[in-house]
Amino acid sequence: MKKISLRFLQTHTNLADVMDQLSPDLLGEGYNKMPFQLFVEAVEQVPIAISITDKKANILYVNDAFSRVTGYSQEDILGENESILSDKRTPRTVYYDLWHTISAKKVWRGTLCNRHKSGQRYLSDLTIAPMLNAQGDISHYIGMHRDITQVYESEKRVINQKLLIESVINSSPIAMVVIDDQDRVILDNHNYKALVTDLDKGEPASYFLQLLRLEMGDLWQQIQSQEQGFNNREFKIEGKGTRKTRWFSCAGNWFVENEVNADAFFENASKQYLILTITDITRQRRQMEALHIQSLKTLMAEDERVRGIRETLLGAMHQIQMPMNQIRAAEQLLRHKGDEQHLGLLNSLQQIQQSGEEAITTMQNCIPEIFQTAIIPVNINQLLHEVLLLSEQRILGSGITVYWQPWAELPSLLGSETRLRILFKQLVDNAIDALSAMDTGERRLKISTSSDTDLVCVVIEDNGPGIPLEKRAKVFEPFYTTRPFGGNQSGMGLVMAKEIINQHKGFIDIDPDYQNGCRIKISFPLQGLSASGDHTC
Ligand code: FAD
């Protein structure tokens, strides 16, 4: 038995009694039958710093581990107060709580800042248990502590790193989110949180994951299993009500983290996470769109000019054709009569007819050509959106309220983007003209798209004066217009619209059941044109 143990036993109390008091639960039922020396050796050798004090915390016994942790040998410290270890950085309230607890015969556990014999500070994870005598009074205290400085430092370092990562992520102008393999959000930043309220799409991560999976199809699984990541996946979120249309660009990277729970202690287990970044590119897209609309305006203006010339010439040819037919009839009548007295008139008629035909041929040759355009997949929602932007000035100027209801997942249609744009522009312009003629009431223009397995449908509806029932069939005839004569309308707009729809194997109808204005329904078969078959339109 070591010197200190003997001294302790000689001068103070019986360690077996102390053990009795200490923790019968811990020692178990058979401990009384165990040799006393075994208890002494156990306390001596246990790798936790153990001290036994009197009621005033004067140290009566310390084990080897105590000396190793504190730097004080047993000779140094016996008879000293535990406060020798106090660094005085520990707030007084902690000591107060410590003493308040142990004086009430309860076990206290906490962390103190201790000072090593060398003067170096360390953090002590300390448990103090009161030891009671046969009368149930406190006779001693037993303290058990370990140096947790390194554990604390590592924990703090991890926390600091997490805080650093969080502040870097938070200061990023991009929305960032970490998602686990169950699509649950593990970590996010301020910008991501802002998206939750801004977008009104529930959890934005789930929404964008759905879009990404839909867009990438099988590729998603492939890049996920290879942890390849993705970039620049752009999505447009249509505005609704007061919310404006917005564009986002998504990028993602997968990473694998080792599990930290007890199950994974002996068996390595890992989990895959996705870091998803969502960048709001609305501003850039708006600028691009503004440029695009500008160039479209130029193109459309040129197209309108060409169409204007065509329609004027066709109209003039149409008008000349009627008197020409009459002249031809008169000439044939005279020739048939063989009346020599009208020979001069016959010659004049022939000359008029000839110069009339020459004029028609000249006009025919002057009709500017309309160039054919390529057949490509066309996003009708995008096209209608562009048409609304192209007509924005007129819509605003006429005080028209637009109700734009695009079908969220409208499939692309194979067709001529330019021709279809002209078609919708014509129909929207017609609606604006009709609404502008209204004297009172709200001017409403409603445009909606929809789709089923075979068709893409567009409905353009205005609450203007509408087209009278008897005139509905005629509006698709050349040079027919419901507008007062002398306007700049030649009556060819709907003819051209119908021609474009025919080219796309579609249908146009004026809804006979709609009484509050004009509702035009257009539908296109999804399989109407094939990119490989009909190359131009
Ligand atoms: P102190 O004057 O010692 O005490 C400060 C306050 O503690 C007092 O105002 C009072 O509220 C309370 N207090 C002190 N003694 C008693 C008492 N006998 N009864 C009721 N209340 C009292 N401290 C450490 O800093 N590090 C340790 O590792 C440590 N281990 C301990 C182990 C044991 C078994 C015990 C019983 C105590 C231990 N202490 C330890 C506490 C220590 O005894 C001191 O109370 C503490 O260090 C504060 O010392 P101080 O000189 O600043 O103030």
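Residues numbered from 1 in each chain as written. Predicted model: local features only at pLDDT ≥ 70, side-chain atom pairs only at ≥ 80, totals over all residues. Heavy atoms only, no water.

**A short note on the overall build of the protein chain**
- The helix and strand tally for the protein chain stands at 17 helices and 17 strands.
- When each of the 537 residues of the protein chain is scored for burial, the buried share is 39%.
- Carbon together with sulfur atoms contributes 53% to the accessible area of the protein chain, which is approximately 31300 Å² in total. (Helix = DSSP H or I, 4+ residues; strand = E, 2+ residues; numbered from the N terminus. Buried < 20%, exposed > 50% of the residue type's maximum accessible area, 1.4 Å probe, protein only. Areas by Shrake-Rupley, 256 points an atom, 1.4 Å probe, with all protein chains shown as cover.)

**Some remarks on helix H7 (residues 92-103)**
- With 12 residues, H7 should reach 16 Å at 1.5 Å per residue; the first-to-last C-alpha distance of 16 Å fits that figure.
- The set of residues buried in H7 consists of Tyr95, Leu98, Thr101 and Ile102. Each buried residue of H7 lies within a common arc of 135 degrees when the element is viewed along its axis, so the set occupies one face. For H7, exposure combined with an orientation more than 90 degrees from the buried face picks out Arg92, Thr93, Tyr96 and His100.
- On the buried face of H7, the contacting elements are strand S3 (108-115), strand S4 (121-132) and strand S5 (138-147).
- A positive phi of about 65 degrees marks Lys105, the residue just after H7. (Expected span 1.5 Å × (residues − 1). Arc of directions from axis to C-beta. Contact = heavy atoms within 4.5 Å.)

**A few points about the sheet that holds strand S16 (residues 507-510)**
- Overall, mixed pairing links the five strands, which are arranged S12-S14-S15-S17-S16 in an open sheet. Each edge of the open sheet carries a strand with a single partner, namely strand S12 (400-405) and S16. Neighbour to neighbour, the strand axes of the sheet diverge by 10 degrees on average, direction disregarded.
- Where S12 meets strand S14 (residues 443-451), six bridges bridge the pair, whose relative direction is parallel. By the bridge assignment, Tyr403 is partnered in S14 with Lys446. (Pairing = 2+ DSSP bridges. Axes fitted to C-alpha atoms, helices over the stretch in contact; angles between N-to-C directions.)

**As for the site of the ligand**
- Around the ligand sit 20 residues in total, of which Lys88, Arg92, Tyr95, Trp99 and Asn114 are the nearest.
- Between the ligand and Asn81, the relevant distance is 3.4 Å, taken from an oxygen atom to a side-chain nitrogen or oxygen of the residue.
- One of the side-chain N or O atoms of Trp99 is found 2.8 Å from an oxygen atom in the ligand.
- Counting residues per element, the ones that place at least two in the shell around the ligand are H7, S3, S4 and S5.
- Broken down by class, the residue content of the shell around the ligand amounts to nine nonpolar, six polar and five charged. (Near = heavy atom within 4 Å. Polar contact = N/O pair within 3.5 Å; in protein donor to acceptor, adjacent residues only side chain to side chain. Nonpolar A, V, L, I, M, F, W, Y, C, P; charged D, E, K, R; others polar.)

**Here we look at the sheet that holds strand S2 (residues 59-62)**
- Taken together, five strands build an open sheet; the order of strands is S2-S1-S5-S4-S3 and the sheet is antiparallel. Both outer strands of the open sheet, S2 and S3, are each paired with one neighbouring strand and no more. Direction aside, the axes of adjacent strands within the sheet are offset by 30 degrees on average.
- Where strand S1 (residues 49-53) and S2 come together, three bridges link them in antiparallel fashion.

**Describing the pattern of salt bridges**
- Tallied over the entire structure, the rule returns 29 salt bridges.
- Notably, a salt bridge pairs Arg246 with Asp280, separated by 2.6 Å at the nearest N-O pair. A residue pair is termed long-range when its members are at least 10 positions apart, and Arg246 in strand S9 (residues 246-258) and Asp280 in strand S10 (residues 270-280) qualify at 34 residues.
- Judged by relative accessible area, Arg246 falls into the buried class, the value being 19%.
- Classification of Asp280 by relative accessible area gives partly exposed; the value is 33%.
- In this structure, Glu499 and Arg419 form a salt bridge, with 3.6 Å as the shortest nitrogen-oxygen distance. Residue Glu499 is found in helix H17 (residues 493-503), and its partner Arg419 is found in helix H16 (residues 417-436); the two are separated by 80 residues along the sequence.
- Among the residues examined, Glu499 registers a relative accessible area of 40% and is labelled partly exposed.
- When its relative accessible area of 7% is taken as the criterion, Arg419 is described as buried.
- Overlapping salt bridges bring together Glu304, Arg394, Lys425, Asp429 and Asp433 as one network. (Salt bridge = Lys/Arg side-chain N within 4 Å of Asp/Glu carboxyl O.)

**Side note on the confidence of the model for the protein chain**
- Residues with a pLDDT of 70 or more make up 89% of the protein chain, whose mean pLDDT is 86.
- In the predicted structure, residues 1-16 sits below a pLDDT of 50 and forms 30 contacts with residues beyond four places in sequence or in another chain.
- Below pLDDT 50 for its whole length, residues 531-537 participates in 18 contacts with residues either more than four positions away or in separate chains. (pLDDT = per-residue confidence, 0-100.)

**Looking at the packing of helix H12 (residues 282-337) against H16**
- Contact geometry for H12 and H16: axes closest at 12 Å, N-to-C directions at 80 degrees. On the basis of their axis angle, the class for H12 and H16 is roughly perpendicular. Here H12 contributes His292, Leu296, Met300, Asp303, Glu304 and Arg307 to the contact with H16, which in turn contributes Arg421, Ile422, Lys425, Gln426 and Asp429.
- Its residues assigned to classes, the contact of H12 with H16 shows three nonpolar, two polar and six charged. (Parallel < 35°, antiparallel > 145°, perpendicular 65-115°, else oblique.)

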